[in-house]
Structure formats: structure tokens, C-alpha cells
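A structural walkthrough
The chain contents come next:
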Amino acid sequence: MNKYIVLYTLLAISLTGKAQTLLSFNTERQQIDQQLMIGLGTWAVGNFALSGYGWATAANAQDKYFHQMNVMWNTVNLGLAVPGYFRAKNANLGLNEAQTWEAQQKTQRIFLINSALDLGYMASGFVLKQQNSTNPNKEAQLKGYGNSLLLQGGFLLLFDLSAYWIHQHHGYVLQKANASNLKLSTS
């Protein structure tokens, strides 16, 4: 009877340690997401301030359109950052191992997909800048909007690739823990 109590106690300690490791991992992922959303929100607010001023005081039409698009673009960025921050802050941290792995993979996949979209934004910026020859009446608007898409898409590409790398590096911890658990269970 005593050996069963010892066995159950060791099993409970082992499961508690594993749960604590998952809780720590999920807490760290939550904190990473919160910091990323603060970074995106800071970029958006900074763009509102600088481009709001630039839009109001631009000396030429191309600069006015550049700043106008920056303000519009960062309305979307702020609209993603604020709910994203609160979603991360209120995330369920009590996930089991499978749920944790699924959440980690989903997060990484989202940032990779966003990176591809960012390349599309930048390509759209290049296309808009080239449209001036076919529509000379809108040359300033197209160039201004195109330059803004290049800037915003470039920032978002760096942001999303960095976020992917940060999460991938963080996910490596979970992969390593799983690999060592497999080694322990197969011996």
C-alpha cells in the first residue's frame, strides 16, 4: 500500500511540474504577444502624430497624400493592436500540452501569413508609383499613396518577421521539452 502512495505522489509531482512548465510557457507567449501589440500600437500612434501634422502642413500634394495614407493605414494598425493586446492579456493560460502546441503553431503561422501580405502591400506601393504614366491627373496621389504603402508594408514586414522569429525561438523551448520527455519515456 505504501509503495502505491509513493507512486501516486511521484506521479502527482511530475504532472504538477509539467503543468507548471506549460503555464510558464503560455504566460511567456502571452507576454510576448502583449509586447508585440504595444510595439504595433506605438508605431500607429507615432504615425498619427507625425503624419497628422504632415498631412496638415504638407507643402505639396504628393507629401499630403503620403501622410494621408499613413494616417489611414495606422487606423487599421491601431485597430489591430488594441484588441490584440487585450486578447493576449486575457488569453487562457491553462492549456494542456496539445492545446499549447496548437496555439503556438497558430501564432507562428499568423505572422508568416502576415509577412506574405506585407510583401503584397509593398508590391502594391510599387505598382501605384508606376501608375503615374497612365493617369497623369492623379500622379501626386498615386506616388504619395505608393510611398506610404512601401513604408507601412516595409515596417509590417519587419514587424511580422521579427514576431515570427521571436515566437519560433520561444516555441523551440516547448519542442525541446517535448523531445526530452520522449527520450525519457522511450528508455
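See the structure printed just above.
Residues numbered from 1 in each chain as written. Predicted model: local features only at pLDDT ≥ 70, side-chain atom pairs only at ≥ 80, totals over all residues. Heavy atoms only, no water.

Some remarks on the overall build of the chain
Defined as follows: Per the convention used, a helix needs a DSSP run of H or I reaching at least four residues, while a strand needs a run of E reaching at least two, with both numbered from the N terminus. Throughout this description, buried means an accessible area under 20% of the type-specific maximum (1.4 Å probe, protein chains only), exposed means over 50%, and partly exposed covers the range between. By definition in these notes, contact holds between two residues if any of their heavy atoms fall within 4.5 Å.
When its secondary structure is counted, the chain shows four helices and zero strands. Secondary structure of the chain in N-to-C order comes out as α-α-α-α. Scored against the burial criterion, the 187 residues of the chain give a buried share of 33%. Contacts in the chain between residues at least 24 apart in sequence constitute 83% of all its contacts with a sequence separation of at least 6.

Quick word on the side chain of His167
Using the following cut-off: Here a polar contact is taken to be a pair of N or O atoms separated by no more than 3.5 Å, where protein atoms must pair a possible hydrogen donor with a possible acceptor and residues adjacent in sequence count only if both atoms sit in side chains.
Position of His167 among the secondary structure elements: in helix α4 (residues 139-186). Among the polar contacts made by the side chain of His167, one reaches the side chain of Asp33 at a distance of 2.7 Å. Not counting residues up to four positions away in its chain, the partners in contact with His167 are Arg29, Ile32, Asp33, Leu36, Gln104, Thr107, Gln108 and Phe111.

Overview of the packing of aromatic side chains
The geometry of two aromatic rings is summed up by the distance between their centres and the angle between their planes. How we decide: Between 30 and 60 degrees the pair is tilted, below 30 it is stacked and above 60 it is edge-to-face, where a pair is any two Phe, Tyr or Trp rings, Trp via its six-membered ring, whose centres lie within 6.5 Å.
The full count for this structure, using the stated rule, is six aromatic pairs. Where Tyr65 meets Tyr145, the ring centres are 5.6 Å apart and the plane angle is 85 degrees; that geometry is what we call edge-to-face. Residue Tyr65 is located in helix α2 (residues 61-89), and its partner Tyr145 is located in helix α4; the two are separated by 80 residues in the primary sequence. Between the aromatic rings of Trp73 and Tyr121, the centroid separation amounts to 4.9 Å while the plane-to-plane angle is 80 degrees, which identifies the pairing as edge-to-face. In this pair, Trp73 sits in helix α2 while Tyr121 sits in helix α3 (residues 97-130), placing the two residues 48 residues apart along the sequence. Here a set of aromatic residues connected by ring pairs shows up, and it is made of Trp43, Phe111, Phe155 and Phe159.

So, the pattern of salt bridges
Condition: Each salt bridge in this description consists of a side-chain nitrogen of Lys or Arg and a carboxyl oxygen of Asp or Glu lying within 4 Å of one another.
Tallied over the full model, the rule gives one salt bridge. For the salt bridge of Glu139 with Lys143, the shortest nitrogen-to-oxygen distance reads 3.5 Å. Taken as a pair, Glu139 and Lys143 lie in helix α4 at a separation of four residues, close to a single helical turn.

Focus on the environment of Thr27
With respect to the secondary-structure elements, Thr27 resides in helix α1 (residues 2-57). A C-alpha to C-alpha distance of 9.5 Å links Thr27 and Lys89, two positions 62 residues apart in sequence.

Examining the nonpolar core
Grouped burial of nonpolar side chains is what soluble globular proteins tend to show. We apply this condition: Buried Ala, Val, Leu, Ile, Met, Phe, Trp, Tyr and Cys residues form a nonpolar core when they are joined through side-chain atoms within 4.5 Å.
Formed by 15 residues in total, the largest nonpolar core has its most connected members in Leu36, Leu40, Trp73, Phe111, Phe155, Leu156 and Phe159. Only α1, α2 and α4 provide two or more residues apiece to this core. Ranked by residue count, the leading element in this core is α4, at seven residues. Those residues within four positions of Leu36 in sequence are excluded, and the remaining contacts are Phe111, Phe159, Ala163, Ile166 and His167.

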